[in-house]
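Observations on the model geometry
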Amino acid sequence: MTDPLIGQAASGARLERFEGSPLAITGRGKRTAVFCFSTWALGRGQLPLWQELSALVAPDAEVVGVAAEVEGERWLRGYLRQAKVKFPVLLDRRNVVGGDYGFKAGPNVLMFDDAGALVYRRLYDASLRKVECRAEIEGFLLRGQKPAVRPVDPAFAPRPGSQEAFAEAVELYLAGDLKGCRIPWRRSIDLDREHWISQEQLWVLDAPERFHPYIDVPWQNERLAAEGRPVCACEVEA
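This report concerns the structure included in the present document. Fair warning: this is a prediction, and the values are worked out from it, not measured in the lab. Starting afresh in each chain, residues are numbered from 1 along the sequence in its written order. Only residues with pLDDT of 70 or above have their local features reported here, since the model is predicted, and side-chain atom pairs are shown and tallied only from 80 upward, although totals for entire chains, interfaces and linings are computed over all residues. Where side-chain values are given, they derive from all heavy atoms of the structure, hydrogens and water being excluded.

Another aspect to go through is the pattern of salt bridges. Counted as salt bridges are all cases of a side-chain nitrogen of Lys or Arg within 4 Å of a carboxyl oxygen of Asp or Glu. Applying the stated criterion across every chain, the model contains 21 salt bridges. Here Arg94 makes a salt bridge to Glu171, at a shortest N to O gap of 2.5 Å. Separated by 77 residues along the polypeptide, Arg94 in the loop between β5 (89–91) and α3 (96–101) and Glu171 in helix α5 (residues 162–174) bring together distant segments of the chain. As a salt-bridge pair, Arg182 and Asp206 come within 2.6 Å of each other at their nearest N and O atoms. Each helix corresponds to a stretch of at least 4 residues labelled H or I by DSSP, and each strand to a stretch of at least 2 residues labelled E; elements are numbered beginning at the N terminus.

Turning next to the pairing of strand β3 (residues 31–37). By the criterion of burial, β3 is predominantly enclosed, with seven of the seven residues buried. Note on classification: 1.4 Å probe, protein chains only; a residue is buried when its accessible area is under 20% of the maximum for its type, exposed when over 50%, partly exposed between these limits. Where burial is concerned, the two faces of β3 agree: the one with Arg31, Ala33, Phe35 and Phe37 and the one with Thr32, Val34 and Cys36 are both buried. Pairing between strands is defined by DSSP: at least two bridges between the two strands are required. When β3 meets strand β4 (residues 61–67), the two strands line up parallel, connected through seven bridges. From the neighbouring strand, Ala33 faces β4, where its bridge partner is Val63. Viewed with both strands pointing away, a crossover whose connecting path from the first strand over the helix to the second turns clockwise is right-handed. Running through helix α1 (residues 47–54), the crossover from β3 to the neighbouring parallel element β4 is right-handed. Across five bridges, the pairing between β3 and strand β6 (residues 108–112) is antiparallel. By the bridge assignment for β6, Phe35 is matched with Val109.

Let's shift gears to α5. What a helix is expected to span follows from its residue count: subtract one and scale by 1.5 Å. Its 13 residues give α5 an end-to-end C-alpha distance of 18 Å, which sits within 8% of 18 Å, the value for a rise of 1.5 Å per residue. For α5, the complete set of buried residues consists of Ser162, Gln163, Ala165, Phe166, Ala169, Val170 and Tyr173. In a view along the axis of α5, the buried residues occupy a sector of 160 degrees, so they form one face of it. In what follows, residue pairs with any heavy atoms lying within 4.5 Å of each other are defined as contacts. Packed against the buried residues of α5 are α3, α6 (182–191) and α7 (196–206). In the stretch just after α5, Gly176 is the one whose phi turns positive, near 90 degrees. Summarising the geometry, the arc corresponds to the directions from the helix axis toward the C-beta atoms.

Written out as structure tokens, the structure reads:
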């Protein structure tokens, strides 16, 4: 199994920022590591580690965060402040990056060379707490060493129609239709039972206290088990 996206030019999609005009994930003539996460998932615990790493990179490299946050800064700003994050973090309300790079959960890391071509894609288990993962990321950012191409399971990508349903739900949510948005979010899950960005958004909508300030994994597993779905094995922040 190989990765057919390696070598392709970065997506030109421009994402929101808290302040300033929208920004693309790469294209500034630098080696770039993109950390893709969500505040409702355990990968948020890596933010302090990414901040530490970003402080070490030379001017010819950069770290960029992409947060799949339908609610924008509601939860995100607090976690960034807590981790003292100074690198740019972009808001991806509609999981545009996930659609482009084949994921519907996280945490994920994408790395691009200074010409904007993808050189690395690690999905679902990307963590600076893993020695070999950190070595690959640091080698590229700090020393310009291209990591070996990793195989990527095509099943990680959103199934047909699930992304469209997710985006429809986001538009309804942003318009204030908190009842109507549930219908396309549920349809997204029906189309793809592992579209965790849709599933988690519904859970956060109903029970934000199960995700902030702490993520209640056993609570999630109870709901998954009740539906006959595989439970999450995560018990610590990854």
